[in-house]
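# Breakdown of the fold
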Amino acid sequence: MKTNPRSAPDVSVRGLTRRFGANTVLRGLDLDIESGEFVALLGRSGSGKTTFLRTLAGLDAVTQGEVRLPANRAVVFQEPRLMPWKKVWQNVTLGLTGADARGRAVAALKEVGLDHRLDAWPATLSGGEAQRVALARALVREPQLLLLDEPFAALDALTRIRMHELVAALWTVHKPSVLLVTHDVDEALLLADRALVLEDGRIRTELKITQPHPRARAMIGFSLMRADLLSALGVDVDGPAGIAKPADTVACRVPDDAKPRRTAPVLRSV
Amino acid sequence: MTDALIPNQGNMLRKFAHSAGRAVTPILILVAWQIASATGLVPERTLASPLHVIGTFWTLIADGELQDNLLVSLRRAMEGLAIGVSFGTVFALISGLSRSGEAAVDAPLQILRAIPFLALVPLFILWFGIGETPKIALVALGTIYPVYLNLYAGIRGIDKKLLEAGACFGLNHWQILRHIVLPGALPSFLVGLRYAVGISWLSLVVAEQINASSGIGYLIMSARDFMRTDIIVVGLIVYGLLGLLTDILIRTLEHRALAWRPSILKG
Ligand SMILES: Nc1ncnc2c1ncn2[C@@H]1O[C@H](COP(=O)(O)OP(=O)(O)O)[C@@H](O)[C@H]1O
Ligand SMILES: [Mg+2]
């Protein structure tokens, strides 16, 4: 796995294949993520999203294919994975090197609105708070690539909305490249520059979302994009009839022999 | 402030009433025992009366005999415990942290565990004579297993997801051990330690009654020769108190070291 200096694209994956025994989960996956780009990765349960993210996190070795990544990456998992025996701020400084680790942890916790719980034990946090600590733990490393594996899936709807706002705000400030794995189409549309659908071990659908931030469900084209993504995920929702789809909201179904190209998107309707 | 105090006071009263209630039966038994002794129903050579035991207790303390023997026993227990806990910890780390270490260490320890360690007393006397060594060795041997077994299980039971998170955030092997494995296995270690302390008193009772010229066990055995049931009862009470006190000590330790645990946070 090579690392490259800060130049676009940040992440470059070519022909990544991953097998578990006879089960081929990723087959020749290609993906570029531009520096500072927010990419959402959708896919049905078991489609290999976590497998892919773990490869980018460096938790799984690349056995077939090529992956180029920035060295400075941080992960937020679906569960907070905080050390129960470390106070909140100590969880954030875990593995941190350099001067004034605590000061940096305090700053990161302030950013996620938890500077009043510095000395709390993780067992006393709510699900949303714990996940915000996990977010602070990732942010404090000032990652060039932030990997999020369904980080809000276990939260209640209200907390999730607040977490979306928080992540959008933090991304605007710090501008890391982000890969957000999610099964929530709305989440992808509200946060990402680009939504991808993983299917049969490859990126089969790509949708650019150009609407400015902050976004709301009321934004133009939302329901159309939503229907497109849902249908790519195998859920059929009838979009409002008679409304022409703007070109940039049409999901692009990538045929088997083509590779999705960030630079030259060939948009076709599904 | 006062709002918080009122339920607290009620709580304390209830707690007090509860412990007072629990004391009723033991007190009744003591009274019955005293009456049985005074009326000659239970002769002195069978069991001394509670008042007699209290008097003897006092005399033994005034003579300094009790303290001297207690210190000797305590020292044996602590030295044996220190050795046993150290070995148990090292073995648990070896077999908990590596598969090859487990292959090397676990099987022999499991085989040894099948032999009741107190059965080794004759061999120990042959090997170590009748000084301090066999007594300390017996305590050490008995305390290795509980520490080993619990700590080993604790290390193996650490959440793999936490280990993965640690590796993900750039911890090296040593840091993972220090920040994740050891604190995560600490609750199991303390459980093992509590068993070990109990076993250390048990081994001492046996070791000091076989051949000794000092210690609580010696005090009891020499009292038997003179049919001094009062001294025997004092010795038994001391053993009981020691067990109780060390248990409280370790519970306090647990409360401090494991302050992060949900069960302790709630209580
Ligand atoms: N460590 C593993 N060993 C064997 N099979 C695995 C392993 N991890 C994932 N898989 C399989 O890979 C497939 C994709 O899993 P995953 O990446 O977790 O899917 P997703 O995150 O999209 O729900 C599943 O069929 C799963 O059973
Ligand atoms: Mg997953």
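These numbers come from a predicted model, not from an experiment.

### Some details on the overall build of chain A
When you go through chain A residue by residue, the secondary structure sums to seven helices and eleven strands. Across the 270 residues of chain A, 54% fall into the buried class. Taking contacts inside chain A between residues at least 6 apart in sequence as the whole, the part at least 24 apart equals 68%.

### Some points on the interface of chain B and chain A
Tallying the contact residues gives 16 residues for chain B and 19 residues for chain A. Summing both sides of the interface, chain B and chain A together bury roughly 1,700 Å²; the carbon and sulfur share of this comes to 75%. Between B:Glu164 and A:Arg81 there is a salt bridge whose closest N-O contact spans 2.9 Å. Our count for the contact surface shared by chain B and chain A stands at six residue pairs in polar contact (both at pLDDT 80 or more). Contributing elements (two or more residues each) for the side of chain B that touches chain A: helix 7 (160–168), helix 8 (173–210) and helix 11 (262–266) of chain B. No other element matches the six residues that helix 7 of chain B contributes to the side of chain B that touches chain A. When grouped by side-chain class, the residues that make up the side of chain B that touches chain A number eleven nonpolar, three polar and two charged.

### Some details on the domain arrangement of chain B
Accessible area lost during the coming together of the parts is what is often quoted as the interface size. Residues and elements named next belong to chain B. One can read the domain layout of chain B as domain 1 (1–42) and domain 2 (46–257). Using only C-alpha atoms to locate each centre, domain 1 and domain 2 end up separated by 32 Å. The interface is formed by five residues belonging to domain 1 together with seven residues belonging to domain 2. Between domain 1 and domain 2, the buried area comes to about 510 Å², and carbon and sulfur atoms account for 72% of it.

### Let's talk about the confidence of the model for chain B
All names here are of chain B. Model confidence for chain B is summarised by a mean pLDDT of 91, while 96% of its residues fall at 70 or above. Segment residues 1–5: pLDDT under 50, and zero contacts once partners within four positions in sequence are set aside and those in other chains are kept. For this predicted complex, the interface score ipTM comes out at 0.82, alongside a pTM of 0.83.

### A short note on unusual backbone geometry
Residues and elements named next belong to chain A. With omega at -10°, the peptide bond leading from His213 into Pro214 counts as cis. Relative to the assigned elements, Pro214 resides in the loop between strand 10 (202–208) and helix 7 (222–232). In the Ramachandran plot, Glu150 falls in the positive-phi region, its phi being about 40° despite a non-glycine side chain. With respect to the helices and strands, Glu150 occurs in the loop between strand 7 (145–149) and helix 5 (157–174). Despite not being glycine, Lys175 shows a phi value in the positive range, around 50°. Looking at where Lys175 falls in the secondary structure, it is placed in the loop between helix 5 and strand 8 (177–181).

### Examining the site of ligand 1
Residues and elements named next belong to chain A. With respect to spatial proximity, the complete set of residues near ligand 1 consists of Phe20, Asn23, Val25, Arg44, Ser45, Gly46, Ser47, Gly48, Lys49, Thr50 and Thr51. In the environment of ligand 1, an oxygen atom lies 3.5 Å from a nitrogen or oxygen atom belonging to the side chain of Asn23. Thr51 is positioned such that a nitrogen or oxygen atom in its side chain is 2.6 Å from an oxygen atom of ligand 1. At three residues, helix 1 (residues 49–57) tops the list of elements feeding residues into the shell around ligand 1. Its residues placed into classes, the shell around ligand 1 shows two nonpolar, seven polar and two charged.

### Some words on the pairing of strand 4 (residues 38–43) of chain A
Residue and element names in this part refer to chain A. Of all the six residues making up strand 4, six are buried; the element is thus mostly covered by neighbouring parts of the structure. Burial along strand 4 is two-sided: the face carrying Phe38, Ala40 and Leu42 and the face carrying Val39, Leu41 and Gly43 are both buried. Taken together, the four bridges between strand 4 and strand 8 define a ladder with parallel strand orientation. Residue pairing across strands places Ala40 opposite Leu180, the latter belonging to strand 8.

### With respect to the nonpolar core
Formed by 78 residues in total, the largest nonpolar core has its most connected members in A:Val13, A:Leu29, A:Leu41, A:Phe52, A:Leu56, A:Leu147 and A:Leu179. If you tally residues by element for this core, the top one is helix 8 of chain B, at twelve residues. Setting aside its immediate chain neighbours within four residues, A:Leu147 contacts A:Leu53, A:Leu56, A:Ala57, A:Ala74, A:Val75, A:Val76 and A:Leu179. Counting residues in each nonpolar core, the second largest holds 56 residues, with A:Ala101, A:Leu118, A:Val185 and A:Ala192 among its members.

### Brief notes about helix 6 (residues 133–156) of chain B
When the terminal C-alpha atoms of helix 6 of chain B are compared, their 34 Å separation across 24 residues agrees well with the 34 Å that a helix rising 1.5 Å per residue should span. Summarising burial for helix 6 of chain B: 19 of the 24 residues are buried, a large majority.

### Some remarks on the pairing of strand 3 (residues 23–33) of chain A
All names here are of chain A. The sheet contact formed by strand 2 (residues 11–20) and strand 3 spans seven bridges and is antiparallel. When the bridges of strand 3 are listed, Phe20 appears paired with Asn23. The hairpin turn running from strand 2 into strand 3, its antiparallel successor, is two residues long, and Gly21 in that turn takes a positive phi close to 65°.

### Considering the side chain of A:Lys86
The residue A:Lys86 is located in the loop between strand 6 (73–76) and helix 2 (88–92) in this model. The side chain of A:Lys86 sits in the buried core without any salt bridge; A:Asp119 is the nearest counter-charge, 12 Å away. Among the polar contacts listed, one links the side chain of A:Lys86 to the side chain of B:His179, at a separation of 2.9 Å. When near neighbours in sequence (up to four residues on either side) are disregarded, A:Lys86 contacts A:Asn91, A:Leu94, A:Trp121, A:Pro122 and B:His179.

### Some points on the packing of helix 3 (residues 65–97) of chain B against helix 8 of chain B
Angle between the axes and distance between the axes: these two values describe a pair of packed helices. Residues and elements named next belong to chain B. In the contact formed by helix 3 and helix 8, the axes pass within 9 Å of each other and the chain directions differ by 140°. Considering the angle they form, helix 3 stands oblique to helix 8. When the axes of helix 3 and helix 8 are compared, the crossing they make is right-handed. Contacts between helix 3 and helix 8 involve Ser73, Leu74, Arg76, Ala77, Leu81, Val85, Thr89, Leu93 and Leu97 on the former and, on the latter, Leu177, Val181, Leu182, Phe189, Leu193, Ala196, Val197, Ser200, Trp201, Leu204 and Glu208. By residue class, the composition of the contact of helix 3 with helix 8 is 15 nonpolar, three polar and two charged.

### Things to note about helix 7 of chain A
All names here are of chain A. Judged by how many residues are buried, helix 7 sits mostly within the fold: eight of eleven residues are covered. Elements in contact with the buried residues of helix 7: strand 4, helix 6 (185–191), strand 9 (194–199) and strand 10. At the exit of helix 7 stands Gly234, carrying a positive phi of roughly 90°.

Here is what the cut-offs are and how they apply
- Position numbers for residues count from 1 along each chain, tracking the sequence in the order it is written.
- Each chain is given a letter, starting from A, and each ligand a number, starting from 1, according to the order in which they appear as written.
- Predicted model: local features are reported for residues with pLDDT of at least 70 only, side-chain atom pairs are reported and counted for 80 or more only, and whole-chain, interface and lining totals are derived from all residues.
- Hydrogen atoms and water are omitted, and side-chain values are computed over all heavy atoms in the structure.
- In this description a helix means any DSSP run of H or I spanning at least four residues, a strand means any run of E spanning at least two, and both kinds are numbered starting from the N terminus.
- Partly exposed describes any residue whose relative accessible area lies between the buried limit of under 20% and the exposed limit of over 50%, with all areas from a 1.4 Å probe on protein chains only and scaled to the type maximum.
- Any two residues whose heavy atoms approach within 4.5 Å at even a single point are treated as in contact.
- Once two parts are put together, the accessible area they lose, assessed with a 1.4 Å probe and summed over both, is termed the buried area.
- Take a side-chain nitrogen of Lys or Arg and a carboxyl oxygen of Asp or Glu: if they are within 4 Å of each other, that pair is a salt bridge.
- As used in this structure description, the phrase polar contact means that two N or O atoms lie within 3.5 Å; if the pair is within protein, one of them must be able to donate a hydrogen and the other to accept it, and residues adjacent in sequence are counted only when both atoms belong to side chains.
- Basically, the charged four are Asp, Glu, Lys and Arg, the nonpolar ten are Ala, Val, Leu, Ile, Met, Phe, Trp, Tyr, Cys and Pro, and anything else, Gly included, counts as polar.
- These domain boundaries are the output of an automatic or database domain assignment.
- pLDDT expresses how confident the predictor is about each individual residue, on a scale running from 0 to 100.
- Throughout, the term near means that a residue has one or more heavy atoms lying within 4 Å of the molecule or strand in question.
- A pair of strands counts as paired when DSSP detects no fewer than two bridges linking them.
- Nonpolar cores are built from buried Ala, Val, Leu, Ile, Met, Phe, Trp, Tyr and Cys residues. Side-chain atoms within 4.5 Å join them into one set.
- What a helix should span is 1.5 Å times the count of its residues minus one.
- Positive charges come from Lys and Arg, negative ones from Asp and Glu, while His and the chain ends are left out of the count.
- Between N-to-C directions, angles span 0 to 180 degrees; the directions come from axes that are lines fitted to C-alpha atoms, helices contributing only their stretch in contact.
- Each angle gets one of four labels, with under 35 degrees taken as roughly parallel, over 145 as roughly antiparallel, 65 to 115 as roughly perpendicular, and the rest as oblique.
- By definition, turning the near helix anticlockwise from the far helix through less than a right angle yields a left-handed crossing, and turning it clockwise yields a right-handed one.

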